Amino acid sequence: MMKQNLSSLSAMSLNKQSKFIYSDEELIKLFQEGDEAAYVELVNRYKDRLYNFVYYFLGDSELSEDIVQETMIKLYQKKHYYKEIAKFSTWLYTIARNLANTELRKIKRRKITYLSHMTKKETQYDIPAIQESVEQGMNNEFVMNQIEKAINNLPEHFRLIIILRDIQKLSYDDISEIVSLPLGTVKSRINRARLQLRVELKEIKEYIRS
Amino acid sequence: MNRYQFEDSISDYIENKLSLSKRKEFDSYLNENPEAKNMISSIESNVELLNTLPKSKVNKKFNAQLLKKINILKKENNRKYNKGTILGFAPMHATILSGLFASLIFLCIQLYTSKKMTENVNYANQTPENKMEPVDKINIADLDEQNRLNTPKDSIKHDSLKPQKKDFSSKIHLVND
């Protein structure tokens, strides 16, 4: 594979006609050796997966895209920090998870400040009523929104694990590495998260049935 | 099997990861508790529901935007690197190098001048009329004679300026005289 300049690869990265047959670990090694085409291929492989993960974790599409971009920039800048002892995917997911966590903390802080500045009347007025949403559109999009809401209502530690397991389809070992928790704790959290999600999704499932 | 053990084994049961004996135990618990059976079917359908969630994709301009950001970052890094350096060296290294360079020049000058001086001395030593001899070996009379011979005629006049040796013999009176 020829070493190529990043700017000359923008076209290739956009038309998505990459013919790489390399594993992620081989690609990152090539990138560490200076091959920027390998970087573009890694970006193409992971941008959507990471976007889905961050999107369900934060619930904001624009912010999620920014975080995925930041993750990719980190990958570009810190490529030499990756060591072959870990799987590339878990390493990248860990970067994205850390960035998403930082963003989530910022959002929480902003929300607290915003709510504390509002009067009681304003608070009552600004919180949208779920009933109103139900009346507005009883369609597929509404169902999806409700599922997203149900996921968002889960505590942070449950949400993260349920997204990685049930939406991203990652193995328990990979999840354990990404969240830096023992395998047993991960399994137990998935059980608890699924039980709690059952409660959250009860209403929406009844609505689907009706 | 109690409630806790049941809840801890739900995921393993759904994902077929229970051993045969544990699975039998789990199934018998489900048969005894219809509520637990409902719970399992509900969780299974939830997992399926999560699987059907649409896989959203990033904006089409994602790569272009990313490459743009990376290029900006590269330029900024270059600018920072050039801004903080003197001819490509960090300020501290530049100071050390310039100090070393100055001392090298000083050393060169010193060596050059000392070499010149040594050459002069050697040249002086090599000329026969200025050949130096140890002081104890020089005969003063010879030196006077030599000086007289070497001195140009005009300078002979200067001999008159030399202090004349006075004869004090007539003035000397011995104590016993």
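Predicted model, so just to flag it, every value in this text is computed and none were measured. (Residues numbered from 1 in each chain as written. Chains lettered and ligands numbered in written order. Predicted model: local features only at pLDDT ≥ 70, side-chain atom pairs only at ≥ 80, totals over all residues. Heavy atoms only, no water.)

### Some details on the confidence of the model for chain B
Here is step 1: Mean pLDDT over chain B stands at 80; residues scoring 70 or higher make up 74%.
Here is step 2: Averaged pLDDT values for the elements of chain B fall to 60 in helix α7 (residues 158-161) of chain B and rise to 92 in helix α2 (residues 20-32) of chain B. (pLDDT = per-residue confidence, 0-100. Helix = DSSP H or I, 4+ residues; strand = E, 2+ residues; numbered from the N terminus.)

### Notes on the nonpolar core
Here is step 1: Counting 68 residues, the largest nonpolar core has A:Y39, A:M72, A:L75, A:F88, A:I147, A:I151 and A:L164 as the members making the most contacts within it.
Here is step 2: With 14 residues, the single largest contributor to this core is helix α3 (residues 36-58) of chain A.
Here is step 3: When residues of this core are sorted by domain, at least three fall in each of domain 1 (19-127) and domain 2 (128-210) of chain A.
Here is step 4: Residues in contact with A:I147, not counting those within four places in the same chain, are A:L201, B:L49, B:L50 and B:L53.
Here is step 5: Counting residues in hydrophobic clusters, the runner-up holds 14 residues, among them B:F6, B:L18, B:L30 and B:A36. (Core = buried A, V, L, I, M, F, W, Y, C linked by side-chain atoms within 4.5 Å. Buried < 20%, exposed > 50% of the residue type's maximum accessible area, 1.4 Å probe, protein only. Domains from an automatic or database assignment. Contact = heavy atoms within 4.5 Å.)

### Describing the packing of α2(B) against helix α3 (residues 34-51) of chain B
Residues and elements named next belong to chain B.
Here is step 1: Two elements in contact, α2 and α3, have axes separated by 5 Å at closest approach and are oriented at 115°. Judged on the interaxial angle alone, α3 and α2 are roughly perpendicular. In contact with F26, Y29, L30, N31 and E32 of α2, α3 contributes P34, A36, K37 and I40.
Here is step 2: In the contact of α2 with α3, the residues fall into six nonpolar, one polar and two charged. (Axes fitted to C-alpha atoms, helices over the stretch in contact; angles between N-to-C directions. Parallel < 35°, antiparallel > 145°, perpendicular 65-115°, else oblique. Nonpolar A, V, L, I, M, F, W, Y, C, P; charged D, E, K, R; others polar.)

### Brief notes about a negative patch on the surface
Here is step 1: A surface patch of like charges, here negative, comprises A:D60, A:E62, A:D66 and A:E70.
Here is step 2: If you trace the backbone, A:E70 turns up in helix α4 (residues 61-77). (Patch = residues over 30% accessible without salt bridge, like charges linked within 9 Å, V, L, I, M, F, W, Y side chains within 5 Å. Areas by Shrake-Rupley, 256 points an atom, 1.4 Å probe, with all protein chains shown as cover. Salt bridge = Lys/Arg side-chain N within 4 Å of Asp/Glu carboxyl O. Lys, Arg positive; Asp, Glu negative; His and termini not counted. Charge placed at Lys NZ, Arg CZ, Asp CG, Glu CD.)

### A few points about the interface of chain B and chain A
Here is step 1: Taken together, the contacts link 37 residues of chain B with 41 residues of chain A.
Here is step 2: Put simply, chain B and chain A have five salt bridges between them.
Here is step 3: A salt bridge links A:R192 to B:D8; the nearest nitrogen and oxygen atoms lie 3.0 Å apart.
Here is step 4: Counting residues per element, the ones that place at least two in the side of chain B that touches chain A are α1 (3-14), α3 and α4 (62-83) of chain B.
Here is step 5: Residues of the side of chain B that touches chain A, tallied by class, amount to 15 nonpolar, 12 polar and 10 charged.

### Digging into the packing of aromatic side chains
Residue and element names in this part refer to chain A.
Here is step 1: Under the counting rule described, the total for this entry stands at 14 aromatic pairs over all chains.
Here is step 2: On the numbers, 5.9 Å between centres and 80° between planes, the contact of Y82 with F88 is edge-to-face.
Here is step 3: We classify Y82 as buried; its relative accessible area is 4%.
Here is step 4: Among the aromatic side chains, those forming a connected cluster through ring pairs are Y46, Y82, F88 and W91. (Phe/Tyr/Trp six-rings, centres within 6.5 Å; stacked < 30°, edge-to-face > 60°.)

### With respect to the side chain of A:N101
All names here are of chain A.
Here is step 1: Mapped onto the elements, N101 comes out in helix α5 (residues 88-117).
Here is step 2: The class of N101 is buried, set by a relative accessible area of 9%.
Here is step 3: Those residues in contact with N101, other than ones at most four positions away along the chain, are F57 and E156.

### Notes on helix α8 (residues 140-153) of chain A
Here is step 1: Spanning 14 residues, α8(A) covers 20 Å between terminal C-alpha atoms, matching the ideal 20 Å at 1.5 Å per step.
Here is step 2: Within the sequence span of α8(A), burial applies to A:F142, A:V143, A:M144, A:Q146, A:I147, A:E148, A:A150 and A:I151. (Expected span 1.5 Å × (residues − 1).)

### Digging into a nonpolar patch on the surface
Residue and element names in this part refer to chain B.
Here is step 1: On the surface, a cluster of nonpolar side chains totalling about 760 Å² of accessible area is made up of I86, L87, F89, M92, I96, L97 and L100.
Here is step 2: Secondary-structure assignment places F89 in the loop between α4 and α5 (91-126).
Here is step 3: Here F89 falls in the partly exposed class, since its relative accessible area comes to 41%.

### Concerning the pattern of salt bridges
Here is step 1: Counted by the stated rule, this structure contains 13 salt bridges over all chains.
Here is step 2: Across the pair A:E36 and B:K74 runs a salt bridge, and its minimum N-O distance is 3.7 Å. In this pair, A:E36 is assigned in helix α3 and B:K74 in helix α4, connecting two distinct chains.
Here is step 3: Where salt bridges share partners, they join A:R165, A:D166, A:R194, B:E15 and B:K17 into one cluster.

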